[in-house]
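# Structural description and commentary
Read off the chains here:
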Amino acid sequence: MRTALYPGSFDPVTNGHLDVIERAVLLFDKIIVTVAVNEEKSALFSVEERRLMLEKVCGHLPTVTVKVFHGLLVEAAKQFRACAVIRGLRAVSDFEYEFQMAMMNRTLSDKCETLFLMPKPEFSFLSSKMIKEIASLGGDVSPFVPEPVVKALRTRCSR
Ligand code: PNS
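A brief look at the structure comes next. (Residues numbered from 1 in each chain as written. Predicted model: local features only at pLDDT ≥ 70, side-chain atom pairs only at ≥ 80, totals over all residues. Heavy atoms only, no water.)

What follows deals with the site of the ligand. Neighbouring the ligand are 13 residues, the closest being S9, A36, K41, L73 and R87. Here an oxygen atom of the ligand sits 2.9 Å away from a polar atom, N or O, in the side chain of R87. When atoms are counted within 2 Å of each cavity's grid points, the one that captures over half of the ligand is the largest pocket. Ranked by residue count, the leading element in the shell around the ligand is helix α4 (residues 92-108), at four residues. Classifying every residue of the shell around the ligand gives seven nonpolar, four polar and two charged. (Near = heavy atom within 4 Å. Polar contact = N/O pair within 3.5 Å; in protein donor to acceptor, adjacent residues only side chain to side chain. 1 Å grid on protein atoms, 1.4 Å probe; cavity = no way out; pocket = protein on both sides within 12 Å on 5 of 7 lines; lining within 4 Å. Sits in = over half its atoms within 2 Å of the grid points. Helix = DSSP H or I, 4+ residues; strand = E, 2+ residues; numbered from the N terminus. Nonpolar A, V, L, I, M, F, W, Y, C, P; charged D, E, K, R; others polar.)

Have a look at this one:
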């Protein structure tokens, strides 16, 4: 059984994240989408809200499960017996940070291999940060995020 982790903040999950998950499903027996708890980053949605949104939007993918993780990614990879960590690469600008993180994780644990998957080009400019900004200013985010997320953003941003 080959398991991969797909970690991230997912605040909130976008169509780009979902595209990466759908690609990873074709390569591994099991994908564990892991929502990172980061006390230093202020988030729009709670960890539990993000987990539930991910579960909803991955409902059509039976080999995907969603978990929350605290602490180091390499520890989560060990705990979930994952042989790889998946990260999405949208553009060259992502590369430096991702490369640093992949090398650091492999130094912390030589069993932690990172695999990069590229989403469709039409998702290459998407970011959760931008989507939150558009939603908070009353813009239409429906082309960029799955329907449950559109609804959640509408509710959260109308407060
Ligand atoms: O979606 P993001 O915010 O780009 O995801 C970043 C994430 C959560 C994958 C990264 O911050 C992470 O792995 N955090 C866990 C803490 C950790 O292991 N830090 C060392 C990595 S070099």
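The next point concerns the side chain of R87. By the secondary structure assignment, R87 is in strand β4 (residues 84-88). A polar side-chain atom of R87 sits 3.0 Å from the main-chain carbonyl oxygen of P7. The residues contacting R87, other than those within four sequence positions of it, are Y6, P7, G8, Y97, E98, M101, T114, L115, F116 and L117. (Contact = heavy atoms within 4.5 Å.)

All right, on to the pattern of salt bridges then. Oppositely charged side chains are able to pair whenever their charged atoms sit close together. In total, this model carries ten salt bridges according to the counting rule given. The residue R23 makes a salt bridge to D19 at a minimum N-O spacing of 2.7 Å. Linking R23 with D19, this pair stays in helix α1 (residues 15-25), spanning four residues, or about one helical turn. The class for D19 is buried, based on a relative accessible area of 5%. Between R90 and D94 there is a salt bridge, and its shortest N-O distance comes to 3.0 Å. On the basis of relative accessible area, R90 is assigned to the partly exposed category, the value being 36%. Assessed through its relative accessible area of 13%, D94 is described here as buried. In the salt-bridge network here, residues are joined through shared partners; they are D11, R50 and K132. (Salt bridge = Lys/Arg side-chain N within 4 Å of Asp/Glu carboxyl O. Buried < 20%, exposed > 50% of the residue type's maximum accessible area, 1.4 Å probe, protein only.)

In short, geometric facts, not functional conclusions.
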